[in-house]
Amino acid sequence: MGLDPALAQFLACPQDKGPLYFVADQDLLYNPRLARAYAINDGIPVLLIDEASAVDPAAAAALDARIASDELSPTFDQ
């Protein structure tokens, strides 16, 4: 279903309060600082620390490369 862009600009990681990156093709929000991912269920982000999943190093490296290439944008600028 995706994520409403108007909502995305207000989203922050509940753990470190920093911006997240919306990964549309995986329907998740990614925190590169903690290598954690938050699911999006039916367009609703599940921003609960206990529900976040660890991103394995290879997948984190791939997502970090997408961020470095400006393919993924942060939910807000710090």
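Residues numbered from 1 in each chain as written. Predicted model: local features only at pLDDT ≥ 70, side-chain atom pairs only at ≥ 80, totals over all residues. Heavy atoms only, no water.

So, the pattern of salt bridges
This is how the line gets drawn: In the sections that follow, a salt bridge refers to a side-chain nitrogen of Lys or Arg positioned within 4 Å of a carboxyl oxygen of Asp or Glu. Only DSSP runs of H or I covering at least 4 residues are called helices, and only runs of E covering at least 2 are called strands; the numbering of each starts at the N terminus. Exposed residues in this analysis have more than 50% of their type's maximum accessible area, buried residues have under 20%, and partly exposed residues fall in between, with area computed by a 1.4 Å probe over protein chains only.
In total, this model carries 3 salt bridges according to the counting rule given. The partner of arginine 66 in a salt bridge is aspartate 25, with the nearest N and O atoms 3.3 Å apart. With arginine 66 in helix H2 (residues 57-68) and aspartate 25 in the loop between strand S1 (21-23) and strand S2 (28-31), this pair connects stretches of sequence that are 41 residues apart. Judged by relative accessible area, which is 18%, arginine 66 ranks as buried. When the shortest N-O distance is used, the salt bridge between arginine 66 and glutamate 71 registers 2.9 Å. In the salt-bridge network here, residues are joined through shared partners; they are Asp25, Arg66 and Glu71.

Topic: the pairing of S2
To keep things clear, this is the line we draw: Strands pair, by our definition, only if DSSP identifies at least two bridges between them.
Across the two faces of S2 the burial is the same, with Leu28 and Tyr30 and Leu29 and Asn31 all buried. Across 3 bridges, the pairing between S1 and S2 is antiparallel. Bridge pairing links tyrosine 21 to tyrosine 30 in S2. From the end of S1 to the start of S2, which pair antiparallel, there are 4 residues, and aspartate 27 there has a positive phi angle of about 50 degrees.

Topic: the environment of leucine 47
Rule in force here: Residues count as neighbours in contact if any of their non-hydrogen atoms are within 4.5 Å of one another.
Tracing the sequence through the fold places leucine 47 in the loop between strand S4 (44-45) and strand S5 (53-54). Residue leucine 47 is classed as partly exposed on the basis of its relative accessible area of 24%. Apart from residues no more than four positions distant in its own chain, leucine 47 is found in contact with Leu11, Ala12, Pro14, Leu20, Leu29 and Tyr38.

Focus on H2
Short version of the rule: Here the expected length of a helix is defined as 1.5 Å per residue gap, with one fewer gap than residues. Summarising the geometry, the arc corresponds to the directions from the helix axis toward the C-beta atoms. Within 3.5 Å is the distance limit for a polar contact, defined as a pair of N or O atoms, with the added protein rule that one can donate a hydrogen and the other accept it, and that residues adjacent in sequence qualify only through two side-chain atoms.
An ideal rise of 1.5 Å per residue puts 16 Å on 12 residues; H2 measures up with 16 Å between its terminal C-alpha atoms. Buried within H2 we find Ala60, Leu63, Arg66 and Ile67. An end-on view of H2 places all buried positions within 120 degrees of arc, on one side of the element. In this structure, H2 carries Pro57, Ala58 and Ala68 as exposed residues pointing more than 90 degrees from its buried face. Residues of H2 that are buried in the fold lie against S1 and S2. Two to three positions downstream of the cap, the backbone nitrogen of alanine 58 sits 3.1 Å from a side-chain oxygen, assigning the N-cap of H2 to aspartate 56. Where H2 ends, the next residue or the one after it, aspartate 70, has phi of about 65 degrees, a positive value.

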